Amino acid sequence: MEKNPLKITDITLRDGHQSLLATRMRTEDMEPIAPEMNKAGFYSMEVWGGATFDVPTRFLNEDPWERLRTLKKLAPNTPLQMLLRGQNLVGYRNYADDVVEAFVKHAAETGIDIFRVFDALNDGRNFQTAVKAIKAAGKHAQLSISYSLTENKMGGPVFNLDYFLKKAVEFQDMGADSLCIKDMAGLISPDDAYTLIKALKEELKIPVNLHSHYTSGMASMSFIKAIEAGVDIIDTAIAPFALRTSHPAIEPIVVALQGTPRDTEMDLKQLLKLGQYFESIAPKYRDFLATTRMAVIDTGVLMHQVPGGMISNLIAQLKEANALNRIDEVYAELPRVRKELGFPPLVTPTSQIVGIQAVQNVLFGRYKVISTQVKDYFYGLYGRPPMPVDPEIQKIALKDYERGETPITQRPGDVLDPELDSAIEATKDIAKDIGDVLIYALYPTTGMRFLRWKYGLEEPPRETKPKTMADIKREDELLAKAKADIMAGKPAAADKPRETTPAEKETKGSGAIEPEVEGTAIKASMPGLIIRFDVKKGDEVKEGDNIVVMEAMKMAIDIVSPVDGIVKSVNFKEGDNVARDDILAIIE
């Protein structure tokens with residue numbers, strides 16, 4: 001049989017740590033190993049996009065553009081790849097065409113060679129502007145189909161073989177240089193992988209890439225069947241950052257294929273060298289690794305089909321709302337909400353849209369609280385769902401919606417006003433280049449906060465500073481001493497009684513002292529970030545007027561006044577983090 005070496009895209013520096021470690025790996029830990037990864041012979045390295053744009057500016061005080069420049073210098077011979085959410089870019093809504101064009105152009109100039117583009121609804125109209133910009137930059141457009149199911153296996157009324165083949169041909173005709181099947185929840189079974197890849201190879205003229213997460217435990221088996229069916233490229237991670245909700249490890253796949261026509265011809269010694277490095281820096285990020293269960297796979301995903309990252313978001317949100325005991329209610333609500341929204345694939349941002357609406361439905365009653373993004377979704381700003389939405393729920397969501405109560409049917413980008421000029425104006429006193437402007441354009445609140453950190457106008461919080469191996473060593477020494485003391489029968493420090501201060505006795509669960517309130521308190525319904533206040537002290541408001549817009553689970557939530565009155569106080573500012581039940585404003 002003729003040799004046909006399998007190509008490997010390494011995703012360690014993007015999806016690997018995004019899946020396992022909340023995207024917290026820092027550039028300083030990528031720099032030493034990037035030159036060695038450049039020697040490994042990967043088809044490409046996915047190093048950017050997804051959450052690696054948002055998290056550095058939000059939590060790490062790092063410039064994502066600078067990370068890309070650095071990696072391009074250190075790995076010049078391996079194509080660098082990014083994950084682009086179509087018209088969403090790397091954010092959580094559709095952006096205007098001028099922002100999409102500027103972002104793609106700058107990413108190409110800064111170091112991206114392959115743009116993996118996907119849309120959460122598989123709506124080809126949301127690819128159009130990005131693809132034109134990628135082609136104009138002379139770069140590779142890998143268009144992706146978000147793999148999803150409504151049954152346990154491929155089939156049924158929505159996500160059947162015909163659906164995927166039609167989408168693939170559509171994307172090829174749009175100018176895709178290659179096609180990716182993006183299985184974000186690890187749902188593709190081995191037989192379905194073989195059937196789908198074989199059919200795609202017969203139908204398409206362009207290379208086919210399979211991307212699958214290890215969440216369900218099927219990914220390695222499905223990869224082997226996809227390889228048998230002729231898949232051109234697969235995504236893997238270096239072993240320390242593989243498995244769990246990440247991806248299959250590259251090392252066993254390389255060995256399994258040795259001596260076969262699909263032999264990758266990669267050097268196992270070099271791959272093991274990479275693994276040793278990632279093992280050495282992994283302890284810095286251990287606080288982000290889920291260790292609450294023995295199993296490295298989530299057998300539950302075979303039933304509920306919820307991606308691992310979405311589960312962790314739901315659990316975190318319920319914990320902060322003191323409602324973790326209601327997680328089973330949320331699991332039951334998720335498929336109901338998904339059906340009402342027209343069966344969107346559960347991938348960013350639709351996983352967040354469905355997830356937070358399910359949480360709100362459980363906590364506050366069905367569709368009593370509706371995020372801005374859910375309203376936008378029902379209006380059509382995210383595109384066309386695979387199936388029609390529930391018209392009654394759509395009517396509830398669009399009641400008094402600012403754009404109107406009749407949903408659109410055209411391409412979402414066609415109804416969005418240009419945004420780049422206003423972003424340039426808003427950042428004219430701080431931005432040094434188009435990269436800075438784009439950070440603000442994508443995330444006005446957290447983006448501007450980062451720019452103030454970057455240029456020394458505001459002190460970054462302590463939690464943005466990196467943890468060192470010396471910090472890890474001290475933690476381990478303290479832990480060892482505490483264990484030794486317990487074994488010796490000495491009381492642990494935590495066992496010693498401590499006098500409670502009067503202030504602490506008054507402190508509530510949120511960490512804030514509950515003040516005496518004269519008037520109506522506008523409270524945070526869940527923990528989150530203040531995006532903006534729509535009122536100021538002294539304003540007159542009517543019942544139902546919006547008081548504040550909060551971000552929770554990266555979705556915007558409007559909090560309205562329950563009464564007529566005058567705004568007596570506004571207690572927080574844009575960019576502040578708040579806990580559940582914090583009093584945001586008072587109406588009298």
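Up top is the structure.
Residues numbered from 1 in each chain as written. Predicted model: local features only at pLDDT ≥ 70, side-chain atom pairs only at ≥ 80, totals over all residues. Heavy atoms only, no water.

### What to know about the overall build of the chain
Working step 1: In terms of helices and strands, the chain carries 23 helices and 16 strands.
Working step 2: For 588 residues, the compact-globule estimate of 2.2 N^0.38 gives 25 Å, and the chain sits close to it at 25 Å.
Working step 3: For the chain, the C-alpha atoms occupy an extent of roughly 80 × 70 × 50 Å along the three principal directions.
Working step 4: Burial statistics for the chain: of 588 residues in total, 55% are counted as buried.
Working step 5: Pairs at least 24 apart in sequence give 73% of the contacts found in the chain among residues at least 6 apart.
Working step 6: Per element, the accessible surface of the chain, about 25,600 Å² overall, is 52% carbon and sulfur.
Working step 7: Considering the chain, the positive charge centre built from 73 side chains and the negative charge centre built from 86 side chains are found 3 Å apart. (Helix = DSSP H or I, 4+ residues; strand = E, 2+ residues; numbered from the N terminus. Rg over C-alpha atoms; globule rule 2.2 N^0.38 Å. Buried < 20%, exposed > 50% of the residue type's maximum accessible area, 1.4 Å probe, protein only. Contact = heavy atoms within 4.5 Å. Areas by Shrake-Rupley, 256 points an atom, 1.4 Å probe, with all protein chains shown as cover. Lys, Arg positive; Asp, Glu negative; His and termini not counted. Charge placed at Lys NZ, Arg CZ, Asp CG, Glu CD.)

### Here we look at the environment of glycine 217
Working step 1: As for its position among the elements, glycine 217 is in the loop between strand E7 (208-212) and helix H10 (219-228).
Working step 2: Look at glycine 217 and you get buried, because its relative accessible area is 19%.
Working step 3: C-alpha separation for the pair glycine 217 and glutamine 360, spaced 143 residues apart in sequence, amounts to 31 Å.

### A few points about the pattern of salt bridges
Working step 1: Inspection of every chain in the model, using the stated rule, returns 45 salt bridges.
Working step 2: A salt bridge links lysine 198 to glutamate 202; the shortest N-O distance between them is 3.7 Å. Highlighted residues: lysine 198 and glutamate 202, both in helix H9 (residues 190-203), separated by four residues, approximately one helical turn.
Working step 3: Measuring nitrogen to oxygen at the nearest pair gives 2.9 Å for the salt bridge that ties aspartate 414 to arginine 411.
Working step 4: One network of salt bridges, with partners in common, ties together Arg14, Asp15, Glu46, Arg116 and Asp235. (Salt bridge = Lys/Arg side-chain N within 4 Å of Asp/Glu carboxyl O.)

### Some thoughts on the packing of aromatic side chains
Working step 1: Scanning all chains against the criterion turns up 18 aromatic pairs.
Working step 2: The interplanar angle of 80° and the centroid separation of 5.4 Å between the aromatic rings of tryptophan 48 and phenylalanine 53 together place this pair among those described as edge-to-face. Note on accessibility: tryptophan 48 and phenylalanine 53 belong to one class, buried.
Working step 3: Following the ring pairs from residue to residue traces out a cluster consisting of Trp48, Phe53, Trp65, Tyr92, Phe103 and Tyr443.
Working step 4: In this structure, lysine 182 is placed above the aromatic ring of phenylalanine 118, and the distance from its NZ or CZ to the ring centre is 4.9 Å.
Working step 5: Above the ring of tyrosine 455, the side-chain terminus of lysine 432 is found at 4.0 Å from the ring centroid. (Phe/Tyr/Trp six-rings, centres within 6.5 Å; stacked < 30°, edge-to-face > 60°. Lys NZ or Arg CZ within 6 Å of the ring centre and 35° of its normal.)

### Digging into the packing of helix H6 (residues 97-110) against helix H20 (residues 434-442)
Working step 1: Contact geometry for H6 and H20: axes closest at 11 Å, N-to-C directions at 135°. For the element pair H6 / H20, the angle class is oblique. By crossing handedness, the relation of H6 to H20 is classed as left-handed. Mapping the contact onto sequence places Val99, Ala102, Phe103 and His106 in H6 and Ile434, Gly435, Leu438, Ala441 and Leu442 in H20.
Working step 2: Here the residues of the contact of H6 with H20 are counted per class, giving seven nonpolar, two polar and no charged. (Axes fitted to C-alpha atoms, helices over the stretch in contact; angles between N-to-C directions. Parallel < 35°, antiparallel > 145°, perpendicular 65-115°, else oblique. Left-handed = near helix turned anticlockwise from the far one by under 90°. Nonpolar A, V, L, I, M, F, W, Y, C, P; charged D, E, K, R; others polar.)

### Re H20
Working step 1: Of all nine residues that make up H20, eight are buried, and the element is covered over most of its length.
Working step 2: Taken together, the buried positions of H20 are occupied by Gly435, Asp436, Val437, Leu438, Ile439, Tyr440, Ala441 and Leu442.
Working step 3: Tucked into the core, H20 has its buried residues touching helix H4 (54-60), helix H5 (64-74), H6, helix H19 (420-426) and helix H21 (444-454).
Working step 4: A distance of 3.1 Å separates the backbone nitrogen of glycine 435 from a side-chain oxygen at the start of H20, and that oxygen is part of aspartate 433. (Polar contact = N/O pair within 3.5 Å; in protein donor to acceptor, adjacent residues only side chain to side chain.)

### Overview of the pairing of strand E14 (residues 565-570)
Working step 1: Bridge count between strand E11 (residues 540-541) and E14: two bridges; the pairing is antiparallel. What sits directly across from valine 541, in E14, is glycine 565.
Working step 2: Across three bridges, E14 lies against strand E16 (residues 583-587) in antiparallel orientation. Directly across from serine 569, in E16, lies its bridge partner isoleucine 586. (Pairing = 2+ DSSP bridges.)

### Quick notes on the pairing of strand E8 (residues 233-236)
Working step 1: Of the two faces of E8, the one lined by Ile233 and Asp235 and the one lined by Ile234 and Thr236 are each fully buried.
Working step 2: Sheet topology places strand E1 (residues 7-10) next to E8; four bridges connect them, and they run parallel. Each bridged residue has a counterpart across the sheet, and for aspartate 10 the counterpart in E8 is threonine 236.
Working step 3: Taken together, the two bridges between E7 and E8 define a ladder with parallel strand orientation. In the sheet register, asparagine 209 faces E8, and the bridge partner there is isoleucine 233.

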